[in-house]
Amino acid sequence: MPLLARIWGCRGSLPTPGPDTVRYGGNTSCVEVTDGAGSRVVLDAGTGIKRLGEALPADGAVHLLLTHLHLDHVEGLRFFEPLWRPEAELHIWGPPSPIHSLRERISRAVSPPLFPLELADSPARLLFHDVPREPWEIGGLRLFALPVSHPGPTLGFRVEAGGRSLAYIPDHEPVLGVELDALEPEWISGYAVAAGADVLLHDCQFDEEEYEARVGWGHSSVAHAVAFARTAGVGRLVLFHHDPGRGDEAVDALTRRAGELWGGAGGEPPAAAGEGMTLELA
């Protein structure tokens with residue numbers, strides 16, 4: 001069976017609907033991954049998850065994997081239809097914390113004054129899981145996650161099925177304080193998640209000039225995204241987490257720059273993520 005990924009949101013930091021973001025979309029991070037045989041995981045709960053929730057079948061368990069708990073990655077959860085279905089079973093996976101449980105941390109965003117209802121008002125069966133450090137399985141999908149360089153506890157995910165692999169690292173600054181070519185691969189943040197993946201969805205929020213004023217913000221420039229993907233030896237790089245100030249034409253320009261930097265690295269040239277894009281790893 002092929003590994004299928006559908007992008008429901010790929011914007012970073014802030015939803016940006018409008019005429020300048022029609023082609024790539026303005027919803028924040030959400031990606032659905034299936035194996036074509038009924039196994040499914042949802043990566044992040046940005047605003048794109050609302051439309052996904054409306055499209056999901058009413059029966060069966062839903063597994064939601066959160067890279068981290070910054071608002072742009074969880075703000076859609078409050079409007080995720082399975083959260084309000086009495087018959088639903090919703091598993092929420094996220095980075096562990098030694099201080100507060102995952103339920104406690106998510107409850108902050110699903111409670112007054114930020115939201116009129118409490119998380120406890122959800123009629124669904126909610127199960128919370130700290131993401132393990134060892135690989136695990138959900139149906140026919142094999143999952144692996146490790147912490148990556150971004151402010152606050154943040155994970156990168158790898159999903160495998162049928163001999164194919166997809167890596168998802170939407171918020172990542174692997175060059176913070178270092179240069180990639182100065183490190184052995186095993187010392188590079190996120191390398192073990194992305195190494196040899198058929199497709200890598202990776203943070204590319206800034207162009208090279210923008211990054212100089214935003215060092216330490218937790219995001220990559222186009223040059224760093226390409227360098228990381230080349231070092232990891234991925235088959236295809238898909239640029240993700242588009243800056244809220246970057247319209248469609250500017251995303252096109254950044255993608256062309258990624259192609260220049262990719263050069264003769266082999267595989268398919270970099271592409272920009274867009275809402276509705278489906279990636280089939282057959």
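Cut-offs applied
- Residues numbered from 1 in each chain as written.
- Predicted model: local features only at pLDDT ≥ 70, side-chain atom pairs only at ≥ 80, totals over all residues.
- Heavy atoms only, no water.
- Helix = DSSP H or I, 4+ residues; strand = E, 2+ residues; numbered from the N terminus.
- Phe/Tyr/Trp six-rings, centres within 6.5 Å; stacked < 30°, edge-to-face > 60°.
- Buried < 20%, exposed > 50% of the residue type's maximum accessible area, 1.4 Å probe, protein only.
- Lys NZ or Arg CZ within 6 Å of the ring centre and 35° of its normal.
- Salt bridge = Lys/Arg side-chain N within 4 Å of Asp/Glu carboxyl O.
- Core = buried A, V, L, I, M, F, W, Y, C linked by side-chain atoms within 4.5 Å.
- Contact = heavy atoms within 4.5 Å.
- Lys, Arg positive; Asp, Glu negative; His and termini not counted.
- Polar contact = N/O pair within 3.5 Å; in protein donor to acceptor, adjacent residues only side chain to side chain.
- Pairing = 2+ DSSP bridges.
- Axes fitted to C-alpha atoms, helices over the stretch in contact; angles between N-to-C directions.

Draft legend 1. Up close: unusual backbone geometry. Looking along the chain, the bond that leaves Pro112 and enters Pro113 is cis, with omega of 5°. Its place among the elements puts Pro113 in the loop between helix 2 (102-107) and strand 6 (125-130). Although it is not a glycine, Ser13 sits at a positive phi angle of roughly 75°. As for its placement among the helices and strands, Ser13 is situated in the loop between strand 1 (3-9) and strand 2 (30-34). The phi angle at Asp44 is positive, at roughly 70°, despite the residue not being glycine.

Draft legend 2. Spatial organisation of the packing of aromatic side chains. Per the stated rule, a full pass over the model turns up 5 aromatic pairs. Ring centres of Tyr168 and Phe240 lie 5.5 Å apart, and the angle between their planes is 80°; on these two criteria the pair is classed as edge-to-face. Within this pair, whereas Tyr168 is found in strand 10 (residues 164-169), its partner Phe240 is found in strand 12 (residues 236-240), the two being separated by 72 residues in sequence. When its relative accessible area of 0% is taken as the criterion, Tyr168 is described as buried. A network of ring pairs unites the aromatic residues Phe79, Trp84 and Phe115 as a single cluster. The ring of Trp8 carries the charged tip of Arg6 above its face, separated from the ring centre by 4.2 Å. The residue whose ring lies beneath Arg214 is Trp217, and the NZ or CZ to ring-centre distance is 5.4 Å.

Draft legend 3. Spotlight on the pattern of salt bridges. This model, assessed by the stated rule, comprises 13 salt bridges. Here Glu32 and Arg40 are joined by a salt bridge, their closest N and O atoms 2.8 Å apart. Residue classification places Glu32 among the buried residues on the basis of a relative accessible area of 10%. Since its relative accessible area comes to 28%, Arg40 is described here as partly exposed. With its nearest N and O atoms 3.1 Å apart, the salt bridge here joins Arg257 to Glu260. Here Arg257 and its partner Glu260 are both found in helix 6 (residues 248-262), 3 residues apart, which amounts to about one turn of the helix. Judged by relative accessible area, Glu260 falls into the exposed class, the value being 56%.

Draft legend 4. Region of interest: the nonpolar core. Formed by 29 residues in total, the largest nonpolar core has its most connected members in Val31, Leu65, Trp136 and Leu201. Ignoring anything within four residues of it in the chain, the contact list for Leu201 reads Ile7, Val31, Ala167, Tyr168, Ile169, Pro170, Val238, Phe240 and Leu279. One finds Leu146, Val148, Val193 and Tyr211 within the second-largest nonpolar core, a separate group that totals 27 residues.

Draft legend 5. Expanded view of the side chain of Arg11. Within the secondary structure layout, Arg11 lies in the loop between strand 1 and strand 2. The buried charged residue Arg11 lacks any salt bridge partner; its closest oppositely charged side chain belongs to Asp248, at an N-O distance of 4.8 Å. A polar atom in the side chain of Arg11 sits 2.8 Å from the backbone oxygen of Arg246.

Draft legend 6. Up close: the sheet that holds strand 8 (residues 141-147). What the 7 strands build is an open sheet, ordered 7-8-9-10-11-12-13; its pairing is mixed. On the outer flanks of this sheet lie strand 7 (136-138) and strand 13 (271-272), each paired with one strand and no other. Against the sheet, helix 5 (residues 222-232) touches strand 10, strand 11 (199-203) and strand 12, its axis set at about 150° to strand 11. Most of the contacts of helix 6 go to strand 12, to which it runs at about 150°, and overall it touches strand 12 and strand 13.

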